[in-house]
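# Inside the fold
Each chain is listed here by its residues.
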Amino acid sequence: MALAFRSAPVHGLAYLVSTVAVAAIPIAAAWLTKFVLDRLTSTAGLTNAPSPTSELVGLALALAAAGVALGVVPQVAQYLRAEMDRRAALRAHDELFAAVEQVTGVARFEDPRFQDRLRLAQQSASSPAQTADAVFEVVRGTLTLGGFVGSLAVISPGFTAVVLAAAVPAVLLELRLSRRRAAMLWRIGPIERRQMLYGDLLASAEAAKEIRLFGLGSYLRGRMIAERRAADADRRRTDRREVAVQGALAALSAAVAGGGLVWVVVAAARGRVTVGDVSMFVAAVAGLQGALGGLVTSMAAAHHQVLLFGHYIAVVDAGPDLPAPDDPAPLPALRRGIEVRDVWFRYSDDHPWALRGVNLFLPHGAAVALVGRNGAGKSTLAKLLCRFYDPTRGAILWDGVDLRDVPVEELRRRIGAVLQDFMTYDFSAADNIAMGDLAALGDMERIRGAAVRAGIDGTLSRLPRGYDTLLTRLFFGDSENDDPQNGVMLSGGQWQRVALARAFLREKRELMILDEPNAGLDPDAEHEVHDRLRAIRAGRGSLLISHRLSAVRDADLIVVLSDGVITERGRHADLLAAQGAYARMFTVQAAGYTEEPGGQGRPDAMSEGTRR
Ligand SMILES: Nc1ncnc2c1ncn2[C@@H]1O[C@H](COP(=O)(O)OP(=O)(O)OP(=O)(O)O)[C@@H](O)[C@H]1O
């Protein structure tokens, strides 16, 4: 309500006025009809009846005006409602996603309950005025009801009491139904998400190849339909319960109205009430029951909307997930280095430890490399350095300052990174690179410079529209984008270079994290990028994660992680001499390059898990 009025005060007020008018007009029309009929019947049969008096004409004109108003006002009200809805939805979306932006960590996005809540919150934010509307409907219904109750009470107080008493169970039952409906929507949330997942897979360009190659289409479709059936079964149960309850309530109110009709006709035949009273009675019973029905439905709708809006409020009020320091410390310039001090981490209480007591110092100016088997915890450590999560135990110190004590935005401004699961945005080539540093948006000199260093400038310049070419086929086919030259698809290695170009835009940052920056690069590119990466790693803190040991052999410090524990550390030559896991991995890779096909004595590469 408050949101709707804050977003569109004038429209909200006008809508309230028109709502009251829509409620009052039918009551006025019923009374005017009664007066007209009573005037007519009181003069009918009199031989010397006067011609229609000006009073009668006035009443008829007022009745006609009420009819016109009844036609026009709801239309105006509908427009006002739609406008209020649009403005409130705009604001609600803005506030919702501003709140989502406040979630500075990543864990909440990996929580399915948060995903469900966010989906329902978005649903509710798409039409926030529905809540206001449902409340307005309650106001309108109450006014109409009050008018008709007063009118009916004039003719039969006893009957009025019966009609109202019959409405009490209806209100209670409808509220119960709406609570059940909201609970059902929450219950089917995960089912609907899975159904969407299968649908998205079946329609996605990325998945199309494997789905066709492995013949997964019918399997995925079957799972999608099964999820839909499960959700539909729950919806059906709720619908059936509603039909049964609402049908019984409708029958009850029709029976009460029928009883009343018999009573008023008999009373009129005995001359106890006038014909105008009969018309008033019929209009009042219909109006009252209609208003009551509408009121009950609107109360249920308001209740439902309020419950749904609860998810919106929950997201907006959730606050940051990573505790923000009360008294933030400034992040000093990185001089000494970054210390990972006895860090233990698991993704949640139900997960096993991903890191177990890691102690590591990344000296400023030194190139540190992290190697180890799949799942050893390398990317986890990189993510902790970016403070996507906080360590479960232990601390990470930036020149002695705990990362938790500094504003997280400040920390991230000082970091350059290529993540293992980097994004491919459906934007132009230039914008895709500029995402690495928004200050570079539109600055073609910086963008091209970064692309040159990532070795992708030639490819991007040769695209149909150069750097303005969209790196997606998503928009292809829209009337204004109906140009086959518009969108292109890049290869995996080309995308990797675009991601590298983003990192080159941030090359002056104090900590550089490179998680598999050379995955997918051809040997020439790898060699060339390797030299450039070495250049940007100089003079700052840096961590390179790579399975290609040729890329890490010249690092100042190589650290081997195994099952969340550091097992070896040193320079390449020291580690080879130590004959440990690193030496074994290196020998396996080197043998792959030097041995003749089918050569004997090659260590089992897969058992070491070093291949991706
Ligand atoms: N978001 C997540 N939620 C829960 N568990 C996770 C998550 N990401 C990683 N893990 C788990 O944490 C452990 C370490 O994963 P991590 O990605 O750090 O390994 P890695 O050494 O980078 O592996 P790879 O060489 O395959 O990239 C694994 O057991 C993995 O299953």
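Residues numbered from 1 in each chain as written. Predicted model: local features only at pLDDT ≥ 70, side-chain atom pairs only at ≥ 80, totals over all residues. Heavy atoms only, no water.

Per an unreviewed UniProt entry, the protein goes by the name ATP-binding cassette domain-containing protein and belongs to Nonomuraea phyllanthi.

## Looking at the packing of aromatic side chains
Overall, the coordinates contain nine aromatic pairs when judged by the stated rule. Seen from their ring centres, Tyr425 and Phe427 are 5.4 Å apart, and the 10° between their planes marks the pair as stacked. Judged by relative accessible area, which is 26%, Tyr425 ranks as partly exposed. For Phe427, a relative accessible area of 33% corresponds to the partly exposed category. Their ring planes at 20° and their centres at 6.2 Å tell us that Tyr582 and Phe586 sit as a pair that is stacked. Separated by four residues within a single helix, Tyr582 and Phe586 lie in helix H20 (residues 581-594), roughly one turn from each other. In this pair, the class of Tyr582 matches that of Phe586, namely buried. Within the aromatic cluster, the residues linked to one another by ring pairs are Phe345, Tyr347 and Tyr389. In this arrangement the basic side chain of Arg346 is found over the ring face of Trp353, its NZ or CZ atom lying 4.2 Å from the centre. (Phe/Tyr/Trp six-rings, centres within 6.5 Å; stacked < 30°, edge-to-face > 60°. Buried < 20%, exposed > 50% of the residue type's maximum accessible area, 1.4 Å probe, protein only. Helix = DSSP H or I, 4+ residues; strand = E, 2+ residues; numbered from the N terminus. Lys NZ or Arg CZ within 6 Å of the ring centre and 35° of its normal.)

## Structural notes on the sheet that holds strand S4 (residues 393-398)
Spatially, the four strands line up as an open sheet ordered S2-S1-S4-S5, and their pairing is antiparallel. Each edge of the open sheet is held by one strand with a lone partner, namely strand S2 (355-363) and strand S5 (401-402). With six bridges joining them, strand S1 (residues 337-345) and S2 adopt antiparallel strand pairing. Bridged to Gly337 within S2 is Pro363. Of the strands in this sheet, S1, S2 and S4 touch helix H11 (residues 378-385), which is tilted by about 120° from S1. (Pairing = 2+ DSSP bridges. Contact = heavy atoms within 4.5 Å. Axes fitted to C-alpha atoms, helices over the stretch in contact; angles between N-to-C directions.)

## Topic: the pairing of strand S7 (residues 511-515)
Look at any regular strand and the pattern is simple: side chains alternate between the two faces of the sheet. Burial analysis of S7 places five of its five residues in the buried class, which makes it a mostly covered element. Neither face of S7 is open: one carries Leu511, Ile513 and Asp515, the other Met512 and Leu514, and all of them are buried. Relative to S7, strand S6 (residues 415-418) runs parallel, the two sharing four bridges. Its bridge partner being in S7, Gly416 is matched across the sheet by Met512. Pairing geometry for S7 and strand S8 (residues 541-545), over five bridges, is parallel. Within S8, the position partnered with Asp515 by the bridge is Ile545.

## Some words on a positive patch on the surface
A surface patch of positive charge is lined by Arg176, Arg179, Arg180 and Arg241. A per-element tally of the positive patch places helix H6 (residues 157-187) first, with three residues. Tracing the sequence through the fold places Arg179 in helix H6. By relative accessible area, which is 48% here, Arg179 ends up partly exposed. (Patch = residues over 30% accessible without salt bridge, like charges linked within 9 Å, V, L, I, M, F, W, Y side chains within 5 Å. Areas by Shrake-Rupley, 256 points an atom, 1.4 Å probe, with all protein chains shown as cover. Salt bridge = Lys/Arg side-chain N within 4 Å of Asp/Glu carboxyl O. Lys, Arg positive; Asp, Glu negative; His and termini not counted. Charge placed at Lys NZ, Arg CZ, Asp CG, Glu CD.)

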